[in-house]
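If you want the building blocks of each chain, they are given just below.
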Amino acid sequence: MAHAMTAENLFQDLKQMPIAERQKFFVILSENAFRGEDMSHEELFGHLTGDQFVAQEAAEYLEVSMSTFRRFVAGGKLKSNSMVGRNQMFAVPELKAFKKALKTAKG
C-alpha cells in the first residue's frame, strides 16, 4: 500500500532539504502551482505566523544577503526574539512587517 503524503510530512521533508533545494522548490511552486489563482500572502504563508527563522532563513525571506541582514541586526532594525543553541531566532510576524516596510521605503 502506498504511503499517503500529508502536509505535515511534506513540511518535515522541506525542513530537511538543503537551503538551495528549498529555494528551487519554492520557485517551482510559485511559478506553477497557483497559476490563475489570486491568493494572498496570508493564504500562502499564514501557517508560518507562529514560526521562527534562523538568520539564514530570515535573510532569504527578506530577500537580502547575509551581510545586509547582519547590518540590519547590528543597527537595531531587526532583533531576534530567542536563541536556540547558538542560533538567533527571528519571529515571522516581525520579519513580515519589516519586509513590508522595506518595500514601502523602496517605493
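Scroll up to find the structure this text is about.
Calculation rules
- Residues numbered from 1 in each chain as written.
- Predicted model: local features only at pLDDT ≥ 70, side-chain atom pairs only at ≥ 80, totals over all residues.
- Heavy atoms only, no water.
- Axes fitted to C-alpha atoms, helices over the stretch in contact; angles between N-to-C directions.
- Helix = DSSP H or I, 4+ residues; strand = E, 2+ residues; numbered from the N terminus.
- Left-handed = near helix turned anticlockwise from the far one by under 90°.
- Contact = heavy atoms within 4.5 Å.
- Nonpolar A, V, L, I, M, F, W, Y, C, P; charged D, E, K, R; others polar.
- Core = buried A, V, L, I, M, F, W, Y, C linked by side-chain atoms within 4.5 Å.
- Buried < 20%, exposed > 50% of the residue type's maximum accessible area, 1.4 Å probe, protein only.
- Polar contact = N/O pair within 3.5 Å; in protein donor to acceptor, adjacent residues only side chain to side chain.

Peer 1: Any details on the packing of helix 4 (residues 55-62) against helix 6 (residues 92-106)? Residues and values, ideally.
Peer 2: The geometry of helix 4 relative to helix 6 is characterised by a closest axis approach of 10 Å and an angle of 35 degrees between their N-to-C directions. In this structure, helix 4 meets helix 6 at a crossing whose hand is right-handed. The residues of helix 6 that touch helix 4, namely those facing A58, Y61 and L62, are L95, K96, F98 and K99. By residue class, the composition of the contact of helix 4 with helix 6 is five nonpolar, no polar and two charged.

Peer 1: Quick one: what's the story with the nonpolar core, residue by residue and with numbers?
Peer 2: The biggest cluster of nonpolar side chains holds 13 residues, and the ones touching the most others in it are F53, A58, L62, F69, L78 and L95. Looking at this core, the elements that each hand over two or more residues are helix 4, helix 5 (66-74) and helix 6.

Peer 1: Report on the side chain of K99, specifying residues and quantitative values.
Peer 2: Positionally, K99 belongs in helix 6. At a separation of 2.9 Å, a polar atom in the side chain of K99 contacts the side chain of E63. If sequence neighbours within four positions are ignored, K99 has contacts with Y61, L62 and E63.

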